[in-house]
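As a plain string of letters, each chain reads:
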Amino acid sequence: MDVLRSVLDFLPPPMRDPVMFAIPFFLLLLTIEWTAARKLERTVDGQRAPAGAFHTKDAWTSISMGLVSVATTAGWKLLAVLGYAALYAYVAPWQLPADKWYTWAIALLGVDLLWYTYHRVAHRVRLVWAAHQAHHSSEYFNFATALRQKWNNSGEIVAWIPLPLLGIPPWVVFASFSVNLIYQFWVHTERVGKLWRPIEFVFNTPSHHRVHHGSDQLYLDRNYGGILIIWDRLFGTFQQEVFRPHYGLTKPVGTYNIWKLQTHEYVAIARDVRSARRWTDRLGYVFGPPGWTPERKDESARVHT
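Residues numbered from 1 in each chain as written. Predicted model: local features only at pLDDT ≥ 70, side-chain atom pairs only at ≥ 80, totals over all residues. Heavy atoms only, no water.

- The name an unreviewed UniProt entry gives the chain is C-5 sterol desaturase, with Mycolicibacterium goodii as the organism.
- Regarding the chain, the UniProt comment filed under Subcellular location (unreviewed entry) reads as follows: "Endomembrane system". (UniProt positions renumbered as here; feature names shortened; annotations may be inferred.)

Below is the structure:
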């Protein structure tokens, strides 16, 4: 237990989480972008909102979901640190020093690759998508949308397990993911066009992430990268932005109720499972891709419900 206690000592106080320090800058950028929009816009009679527009209720819904996620994420991390610490102390074949540059390089690169992996699974496995879809539920794309975070981080917690197994201190894992999350904030905007080609080739940018949030068939299930877009280029999930996306889910939820936005897909899964007659169909509704039905078992069908 002394070893485990020494590992837990690595964990800094909650306020040292880089995300907490970044919140004022998030709010500052959000305010600047909101002001730049000049006036609040809403979609009326099927007309699309102009690029960079904000909608009051939508923006406050996103901000509210983000505030709750600060607390839920802290809770998930508290649970995860115990397991990570045990893996780091008792299972990992070595312990990498937190004060060496290569430990941080491995952690940052590892978090980004594992984020790509988790993110791709989240779009292809309905049970995981049920948590992630809340982030995609806005029909607007701006800095407020970046704050529209899920409350169930269990999938990410599982995804990071290889890092403490590689001997990376648990608090370095969490700090690295915070850096990744902070980076992803600025790519949620229509105010930034395409950047210098080398940057667009290597890094995730607003142009790449606009594609990811698009509900158009060409854009579905593309550009999963967090900081680096090279994972998508390597693994065949990259899509260039060729037209302005239609944002949101293919089947909009149609509510600003943050509880419903977070839970409606779980409810839909339960309803589909109850109505299924065969166990194979029940498993398909849970672990198949979003939009899976017994009549449509093509795994390549890309439908976000």
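1. So, the UniProt feature "transmembrane region" (unreviewed entry) in the chain
No. 1: Taking the UniProt record as the reference, the feature "transmembrane region" (unreviewed entry) is found at residues 20-37, 67-89, 101-118 and 157-183.
No. 2: Taken end to end, residues 67-89 has its terminal C-alpha atoms 33 Å apart, with 100% of it in helix and 0% in strand.
No. 3: With 78% helix and 0% strand, residues 157-183 has end C-alpha atoms that lie 19 Å from one another. (Helix = DSSP H or I, 4+ residues; strand = E, 2+ residues; numbered from the N terminus.)

2. Here we look at the packing of helix α4 (residues 101-124) against helix α9 (residues 170-185)
No. 1: For the pair α4 and α9, the least separation of the axes is 9 Å and the interaxial angle reads 60°. Here α4 lies oblique to α9, going by the angle between them. Two packed elements cross with a definite hand, and for α4 against α9 that hand is right-handed. Where α4 abuts α9, its residues W104, A107, L108, V111, D112 and W115 lie against W171, V172, V173, A175, S176, F177, V179, N180 and Q184.
No. 2: When its residues are assigned to classes, the contact of α4 with α9 shows 11 nonpolar, three polar and one charged. (Axes fitted to C-alpha atoms, helices over the stretch in contact; angles between N-to-C directions. Parallel < 35°, antiparallel > 145°, perpendicular 65-115°, else oblique. Left-handed = near helix turned anticlockwise from the far one by under 90°. Contact = heavy atoms within 4.5 Å. Nonpolar A, V, L, I, M, F, W, Y, C, P; charged D, E, K, R; others polar.)

3. Structural notes on helix α14 (residues 279-287)
No. 1: Looking at α14, one finds that the buried residues are D281, G284, Y285 and V286.
No. 2: Lining the buried residues of α14 we find α5 (126-132) and α13 (258-275). (Buried < 20%, exposed > 50% of the residue type's maximum accessible area, 1.4 Å probe, protein only.)

4. What to know about unusual backbone geometry
No. 1: For D221, which is not a glycine, the phi torsion comes out positive at approximately 60°.
No. 2: Along the chain, D221 turns up in the loop between α11 (206-212) and α12 (230-235).
No. 3: Take D221: its relative accessible area is 6%, and that puts it in the buried class.
No. 4: Backbone geometry at N223 places phi at a positive 55°, although glycine is not the residue there.

5. Observations concerning the side chain of S62
No. 1: Mapped onto the fold, S62 is located in helix α3 (residues 56-91).
No. 2: Under the relative-accessibility criterion, S62 is labelled buried at 0%.
No. 3: Side-chain polar atoms of S62 contact the side chain of R148, separated by 2.8 Å.
No. 4: Excluding residues that lie within four positions of it along the chain, S62 makes contacts with A144, T145, L147 and R148. (Polar contact = N/O pair within 3.5 Å; in protein donor to acceptor, adjacent residues only side chain to side chain.)

6. Structural notes on the environment of L87
No. 1: Inspection of the secondary structure assignment puts L87 in helix α3.
No. 2: The spatial distance from the C-alpha of L87 to the C-alpha of G167 is 8.4 Å, given a sequence separation of 80 residues.
No. 3: What L87 contacts, discounting residues up to four positions off in sequence, is A92, I161, P164 and L165.

7. Brief notes about the packing of aromatic side chains
No. 1: Summed over all chains, the structure comprises 15 aromatic pairs.
No. 2: For the ring pair Y84 and F174, a centre distance of 5.5 Å and an interplane angle of 20° mean the geometry is stacked. One end of the pair, Y84, is in helix α3; the other, F174, is in helix α9, with 90 residues separating them in the sequence. You'll find Y84 and F174 in the same group, each marked buried.
No. 3: On the numbers, 5.9 Å between centres and 90° between planes, the contact of Y183 with W186 is edge-to-face.
No. 4: What makes W186 partly exposed here is its relative accessible area of 28%.
No. 5: Feature note: the residues Y84, W115, Y118, W160, F174 and F177 constitute an aromatic cluster, connected by ring pairs.
No. 6: Across from the ring centre of F238, 4.0 Å away, lies the NZ or CZ of R233, which sits over that ring. (Phe/Tyr/Trp six-rings, centres within 6.5 Å; stacked < 30°, edge-to-face > 60°. Lys NZ or Arg CZ within 6 Å of the ring centre and 35° of its normal.)

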